[in-house]
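What follows is each chain in one-letter form.
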Amino acid sequence: VDVITCIDVRSERLRRALERRGHRTFGFAGFFGVALEYQASPDLTAQLCPALLAPTHHVRATSAGSNWRLPMKRATGALNGLPVTPLVLAELGGLVAALGTLLQTAFPHTWQRINQRWTKPSHAERVDSLSVAQAVQVVEQTLRAIGLVKDFSPLLVVCGHGATVENNPFSTGYDCGACGGNAGGVNAEVFVRCFNDPHVRDELAFRGIVIPRGTVAVAALHNTTTDDVQLLSSVPGESPLVEAFIDDCLQARSDVLAERARMWPGSAEGQPVAKDKR
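Residues numbered from 1 in each chain as written. Predicted model: local features only at pLDDT ≥ 70, side-chain atom pairs only at ≥ 80, totals over all residues. Heavy atoms only, no water.

1. Considering the nonpolar core
Generally speaking, nonpolar side chains in soluble globular proteins are found buried as a group.
Now for step 1: Ranked by internal contacts, the top residues of the largest apolar core, which has 36 residues, are Val139, Val190, Phe191 and Phe195.
Now for step 2: Mapped onto this core, the elements with two or more residues apiece are strand 2 (24-28), strand 3 (36-41), strand 5 (57-61), helix 5 (132-146), strand 7 (155-162), helix 6 (185-196), helix 7 (198-206) and strand 8 (216-223).
Now for step 3: For this core, the leading source of residues is helix 6, giving seven residues.
Now for step 4: Residues Leu14, Ala17, Cys159 and Val256 belong to the second largest nonpolar core, which totals 16 residues. (Core = buried A, V, L, I, M, F, W, Y, C linked by side-chain atoms within 4.5 Å. Buried < 20%, exposed > 50% of the residue type's maximum accessible area, 1.4 Å probe, protein only. Helix = DSSP H or I, 4+ residues; strand = E, 2+ residues; numbered from the N terminus.)

What follows is the structure, given as structure tokens:
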């Protein structure tokens, strides 16, 4: 499997772990050459590109994605703009937050399941301004920059990264800098859509980059807090290669956690770490 990750240092451990399992990895800026303006909801837009670049394409989120944090964040922001409501909101919100904190502390696995159920990732539904010519340019520039122009593996995983944090005012710093302090999953999805487009492949072949018909790309997101790798798109039909890659990601996660644990103060060098029991 060929894996493209962000050049962020937080992806390096995952790359090493995957390479030890026979996969080939490449590094590129986490927006993967696609400067996006991402509309997560009618009133919430983010620029998923480096701060020095202006977005060149517009993407809207699919209605299938649901995230209870987004409407809560918008409602809180609107109430904070009024003279009296911030005080009331702080008092009432403290009670709600206390219940959530108690549940998260006493029953962490239950809290994680609730969070995963109601915080589903939004997917890139529509690209309003990305023509075939522009898609060809995006894919060609990225592939040539990383040197992946021949000998393609049957599966290409384009893996952006983000982080899961709680009550952290610096949460933006944990996400992808190349995506403007946001997670890079949407950029990965758009790149994959361009890569899999047969019209784009025909033009790339004319330019000297021949992608085998059996090669497909999928988008993924690396959570640098938990080192989980989540696939954001699927391959038509059942692919044993995808299943094997998911298993390797689980093993790579254990390797990364063990490597990170050896850096903790007081930990013994080479001390074994309990494996993930999921």
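After that view, the rundown keeps rolling.
2. Considering helix 6
Now for step 1: The end-to-end C-alpha separation of helix 6 is 16 Å, in line with the 16 Å expected for 12 residues at 1.5 Å each.
Now for step 2: Among the 12 residues in helix 6, 10 count as buried, and that is most of the element.
Now for step 3: Listed in full, the buried residues belonging to helix 6 are Gly185, Val186, Asn187, Ala188, Glu189, Val190, Phe191, Val192, Cys194 and Phe195. (Expected span 1.5 Å × (residues − 1).)

3. Considering the pairing of strand 1 (residues 2-6)
Now for step 1: Where burial is concerned, most of strand 1 is hidden: five out of the five residues are buried.
Now for step 2: As defined by bridge partners, strand 1 adjoins strand 2 across five bridges and the pair is classed as parallel. Note on strand 2: the bridge partner recorded for Ile4 is Phe26.
Now for step 3: Bridge count for strand 1 against strand 7 is four bridges, and the pairing is parallel. By the bridge assignment for strand 7, Asp2 is matched with Leu156. (Pairing = 2+ DSSP bridges.)

4. Regarding the sheet that holds strand 9 (residues 228-231)
Backbone hydrogen bonds hold the strands of a sheet together, and the pairing may be parallel or antiparallel.
Now for step 1: The five strands lie next to each other as 2-1-7-8-9, forming an open sheet whose pairing is mixed. Each edge of the open sheet is held by one strand with a lone partner, namely strand 2 and strand 9. For this sheet, the mean angle separating the axes of adjacent strands, direction not counted, is 30°.
Now for step 2: This element, helix 8 (residues 240-261), spans strand 1, strand 7 and strand 9 of the sheet and lies at about 160° to strand 9. (Axes fitted to C-alpha atoms, helices over the stretch in contact; angles between N-to-C directions. Contact = heavy atoms within 4.5 Å.)

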